[in-house]
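Observations on the model geometry
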Amino acid sequence: MKSWLAAAAIACACVGLDAQGHGVDPAQLLKPLGADWPTHNGDYSGRRYSTLDAVNRRTVRQLSLAWVSRLREGARGNVGGEGTIEFPDPGPPTIKASALMVDDTVYISTPDNAWALDARDGRELWHYFWKTRGGTHIASRGLGMWNGYLYMETPDNYLVSLDAKTGKERWHKVIADFSLQYFSTTAPVAIGNHIIAGTGNDMDAPGFLQSFDPESGELQWKLYTVPMNPGDPGLDTWPNLDAARHGGAQPWMPGAYDPETHLYIFGTGNPTPAYTAGRGEGDNLFTCSLVAVNVDTGKMAWYYQTSPHDMHDWDSAQTPVLFDAVIGGRTRKLVSTAARNGYFFTLDRVTGEPVATERYGKFTNWVKGEDAKGQPRRDPEKDASVGGSLVSPPAGGTINWQPPAYNPDTGLFYVTEHNAFSIFYLLDPDPRGSMGLGGKEEVHVGQRGSFLTAIDPTTGRVAWRHEYPSLNGGGGGGGLLTTRGGLVFSGDAAGSFVAHDATDGTPLWHARIGGLTNPPQTWLVDRQQYVVVAAGDTIYAFTLNQNP
């Protein structure tokens, strides 16, 4: 009997290894999220909603640790790159990426590194290391997948394609100018025959979104997110063309895609210089905006600015969420975002027409009023000043990069809400302004609570808040996941991974693993639902205890 079981186990393992690396047909990415997790947000909607329900409000108390995998960076396995291996100093990585889970294989990344892990036990199947030229190594948000190929961005601005089965490099292409201090952290998104890639910069350089051929890596189109030429739309919102060309608006995070309209909707970052004069008094388009672009042509279809003439580094790069709802007696195709500035927005995602604007940060105080488009207009007295200006939220925002979630069963949009105050001092009153994020000093002066917050996206009004107990305002690190099992997964301020009741936020289960650093995810392997999250350099996979 023992020999029969051993043979069966070997056969199962071989089947698993055989399947590894087959990848994702682009047509499969158009389907709702099921057993796998094949793209950054699970599916194109940005909802981070899984239809898996074995782990639910009734069974979640049986959730137990299945495996743990600690990632180790460095020059081993498959090695590529055009720099040296001396930079940066090796050390424990911090996992901020969303993993992909396809063919019972987990694909995950940190800056300069990518791994394939066996989804059954976390065992490393292969590792890829990129020898960097340098750059800002703050994060890697993850990988993209198209058929049997993977795509990653590097801090020194390359798009790298790997063979998913072996981890061997296929090609790499420059996607931004390293000498201009761009650095690339976002997760590429595969749509049809396009690989959509953003990049980042905090030093007065223009933002842009690009599309590359998945087979060859050749550039298909490039959309600048600030005016770059005389006569470009939005140029009249800048004092001159030179200011616009140095105006920022970086696409830091992956967006959402509507296959019916072929529109890819993404958020843009803050204008630069961020805090000081030098940008005139116009709106500085298309900074701090939701932008819809046709994925085949690269042409902008519409935009909506959530912080006209931002003066506090409040990017609007948060993950947009697509959903349909009945408003005024008719079904609308909508997109919502909970912005870093403490305001929530719902738009018609076909036209960009505003539907709802509401403040969700409890103490947000920088707005003088809303205009006819529902855009919050800043109170200039809350700009950084020589004597100091008391502002909520701080520059870090009511929410930052951590993705929200939307559950169609409850109709609620979930987001982490941080409330705090800072005093912003202006250090550089020169009207020519400072570069990038310079010219100001920010002093944090108090916390007013952090929450898991549920919002009715059709009205923008808060439905309920669950406070994360903390004196220092933590909680919600990494982002959120919601499921058909009636749950919302989050992290609290005490370093616990928590399952909340999606209807009212009641905590139902927790495991103290340390502060979460990436968004929770869930998938199915061998008919078993796993819930997976990272804290620091370690991935934790939970599944239901089979012997409760």
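Residues numbered from 1 in each chain as written. Predicted model: local features only at pLDDT ≥ 70, side-chain atom pairs only at ≥ 80, totals over all residues. Heavy atoms only, no water.

Regarding its fold elements, the protein chain presents two helices and 37 strands. Rg of the C-alpha trace for the protein chain: 23 Å, near the compact-globule value of 24 Å for 548 residues, within the 12% margin. Taken along its principal axes, the extent of the C-alpha atoms in the protein chain is 80 × 50 × 45 Å. In the protein chain, buried positions account for 60% of the 548 residues. When the accessible area of the protein chain is evaluated, it comes to approximately 20200 Å², of which 51% is carbon and sulfur surface. Here the protein chain contributes 44 positively and 58 negatively charged side chains, and the mean placements of these two sets differ by 4 Å. (Helix = DSSP H or I, 4+ residues; strand = E, 2+ residues; numbered from the N terminus. Rg over C-alpha atoms; globule rule 2.2 N^0.38 Å. Buried < 20%, exposed > 50% of the residue type's maximum accessible area, 1.4 Å probe, protein only. Areas by Shrake-Rupley, 256 points an atom, 1.4 Å probe, with all protein chains shown as cover. Lys, Arg positive; Asp, Glu negative; His and termini not counted. Charge placed at Lys NZ, Arg CZ, Asp CG, Glu CD.)

The next subject is the pattern of salt bridges. According to the stated counting rule, one finds 24 salt bridges in the structure shown. A salt bridge links Glu-218 to Lys-173; the shortest N-O distance between them is 3.1 Å. Taken together, the residues Glu-218 in the loop between β14 (208-212) and β15 (219-224) and Lys-173 in strand β11 (residues 169-174) connect sequence positions 45 residues apart. When its relative accessible area of 43% is taken as the criterion, Glu-218 is described as partly exposed. Linking Glu-353 and Arg-332 is a salt bridge whose minimum nitrogen-to-oxygen distance equals 3.6 Å. Here the residue Glu-353 occupies a position in the loop between β22 (343-348) and β23 (354-359), and Arg-332 occupies one in strand β21 (residues 330-338), the gap between them amounting to 21 residues. (Salt bridge = Lys/Arg side-chain N within 4 Å of Asp/Glu carboxyl O.)

Locating Arg-76 in the fold gives a position in the loop between β2 (63-70) and β3 (78-81). Each C-alpha atom of the pair Arg-76 and Tyr-128 lies 7.3 Å from the other, and the pair is 52 residues apart in sequence.

Taken together, four strands build an open sheet; the order of strands is β8-β9-β10-β11 and the sheet is antiparallel. Because the sheet does not close on itself, it has two edges, and the strands there are β8 (144-146) and β11. Strand-to-strand twist of the sheet, defined as the mean angle between neighbouring strand axes without regard to direction, takes the value 20°. Here five bridges tie strand β9 (residues 149-153) to strand β10 (residues 158-163), and the two strands are oriented antiparallel to one another. Note on β10: the bridge partner recorded for Leu-150 is Leu-162. (Pairing = 2+ DSSP bridges. Axes fitted to C-alpha atoms, helices over the stretch in contact; angles between N-to-C directions.)

Within the secondary structure, Lys-168 is located in the loop between β10 and β11. Taking C-alpha positions, Lys-168 is 32 Å from Asp-258, a pair spaced 90 residues apart along the chain. Here Lys-168 is in contact with Asn-78, Ser-161, Leu-162 and Asp-163, once residues within four sequence places are set aside. (Contact = heavy atoms within 4.5 Å.)

For the rest of this paragraph, the subject is empty space enclosed by the protein. Under the defined criterion, the tally for this structure stands at five cavities of 30 Å³ or more. In this structure, the largest cavity encloses a volume near 60 Å³. In terms of lining residues, the largest cavity is bounded by Thr-39, His-40, Asn-41, Asp-43, Tyr-44, Val-189, Gly-255, Ala-256, Tyr-257 and Tyr-264. Classifying every residue of the lining of the largest cavity by side-chain character gives five nonpolar, four polar and one charged. (1 Å grid on protein atoms, 1.4 Å probe; cavity = no way out; pocket = protein on both sides within 12 Å on 5 of 7 lines; lining within 4 Å. Points joined across faces, edges and corners; volume = space filled by probe spheres on them. Nonpolar A, V, L, I, M, F, W, Y, C, P; charged D, E, K, R; others polar.)

For the rest of this paragraph, the subject is the sheet that holds β15. The strand order across the open sheet built from four strands is β12-β13-β14-β15, with neighbouring strands paired in antiparallel fashion. What marks the edges here is a single partner per strand, and that holds for β12 (189-191) and β15. The mean angle between the axes of side-by-side strands here comes to 20°, regardless of whether they run parallel or antiparallel. Taken together, the three bridges between strand β13 (residues 194-197) and β14 define a ladder with antiparallel strand orientation. Across the sheet, Ala-197 pairs through a bridge with Gln-210, a residue of β14.

Residues Tyr-107 and Tyr-264 are the most contacted members of the largest nonpolar core, which totals 40 residues. Setting aside residues no more than four positions away along its own chain, Tyr-107 makes contact with Gln-20, Gly-21, Ala-99, Leu-100, Val-102, Trp-115, Ala-116, Trp-126, Leu-143, Met-145, Leu-150 and Ala-164. If you look at the next biggest cluster of nonpolar residues, it comprises 39 residues, including Leu-33, Ile-95, Tyr-540 and Leu-544. (Core = buried A, V, L, I, M, F, W, Y, C linked by side-chain atoms within 4.5 Å.)

With respect to the helices and strands, Asp-379 occurs in the loop between β25 (376-378) and β26 (389-391). There is no salt bridge for the buried Asp-379, and the closest opposite charge comes from Lys-368, which lies 4.9 Å off by N-O distance. Look past the residues within four positions of Asp-379 in its chain and what remains in contact with it is Trp-366, Val-367 and Lys-368.

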